[in-house]
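# Structure at a glance
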Amino acid sequence: MPGEVEKTLESLGWRLPEVGKPLGSYVQSVRTGNLLFISSKFPKENGKLKHVGKIGREVTVDQGMEAARLAALGILATAKQAIEDLDRIKRVVQLVGYVAVAPGFLDAFNVMEGASEVFVKLFGDRGKHARVVQGSLELPQNACLQLQAILEVE
């Protein structure tokens, strides 16, 4: 039976993606004490990378925000795999976003709002977090964005 967070997620029309296998010698998440570190997630829909290229050139700001939302849902899917129930997330501590940007693009902060809004809508005040946004020249697989998170869990 889905918990409150998953019910809210469904009411917003969102769904958690499948968690793929790591592409190297790492794991999807690591828990130490009450902190859960989530490996980088890309904006995927139906298992395929969505919105490839640089934001400000091939990808619009709105598409970038959608990409950030998709990556945030990937974070949550990985968290659910690790702790089984998203209601066990006590706090979203930090998000780190890498945004592939075209030269001169200075709006990566707004692109990351797509991810931040997911956590605030689902968790309220405990979804408010510290955040780092870094513009990048290139990202793996020509992704427009990748996202990492640190969550406090029960």
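You'll find the structure just up there.
Source: prediction; values computed, not measured.

This part takes up the side chain of Q146. Note that Q146 resides in strand 7 (residues 145–153). Accessibility expressed as a relative area gives 11% for Q146, which makes it buried. Within polar-contact distance, the side chain of Q146 engages the side chain of S40 at 3.0 Å.

With that out of the way, let us pick up the environment of L9. Inspection of the secondary structure puts L9 in helix 1 (residues 4–11). Sequence spacing of L9 and L73 is 64 residues, and the spatial spacing of their C-alpha atoms is 9.4 Å. If near-sequence neighbours (up to four positions away) are discounted, L9 is found in contact with W14, R15, L16, L73, L76 and L122.

A word on the packing of aromatic side chains. Across all of its chains, the model carries 0 aromatic pairs by this definition. Looking at R131, its charged tip hangs above the ring of F109, at a distance of 4.4 Å from the centre.

Here we take up the nonpolar core. By size, the foremost hydrophobic cluster in this structure holds 37 residues, and its most contacted members are L76, I89 and L151. Examining the composition of this core, we find that 9 residues originate from one element, helix 2 (residues 61–83), more than from any other. Not counting the four nearest positions on each side in its chain, L76 is found in contact with L9, L16, L86, I89, V118, F119, L122 and F123.

Turning our attention to unusual backbone geometry. One non-glycine residue with positive phi stands out, namely H51, at about 65 degrees. Within the element layout of this structure, H51 appears in the loop between strand 4 (48–49) and helix 2. For H51, a relative accessible area of 15% corresponds to the buried category.

Procedures and definitions
- Residues numbered from 1 in each chain as written.
- Predicted model: local features only at pLDDT ≥ 70, side-chain atom pairs only at ≥ 80, totals over all residues.
- Heavy atoms only, no water.
- Helix = DSSP H or I, 4+ residues; strand = E, 2+ residues; numbered from the N terminus.
- Buried < 20%, exposed > 50% of the residue type's maximum accessible area, 1.4 Å probe, protein only.
- Polar contact = N/O pair within 3.5 Å; in protein donor to acceptor, adjacent residues only side chain to side chain.
- Contact = heavy atoms within 4.5 Å.
- Phe/Tyr/Trp six-rings, centres within 6.5 Å; stacked < 30°, edge-to-face > 60°.
- Lys NZ or Arg CZ within 6 Å of the ring centre and 35° of its normal.
- Core = buried A, V, L, I, M, F, W, Y, C linked by side-chain atoms within 4.5 Å.

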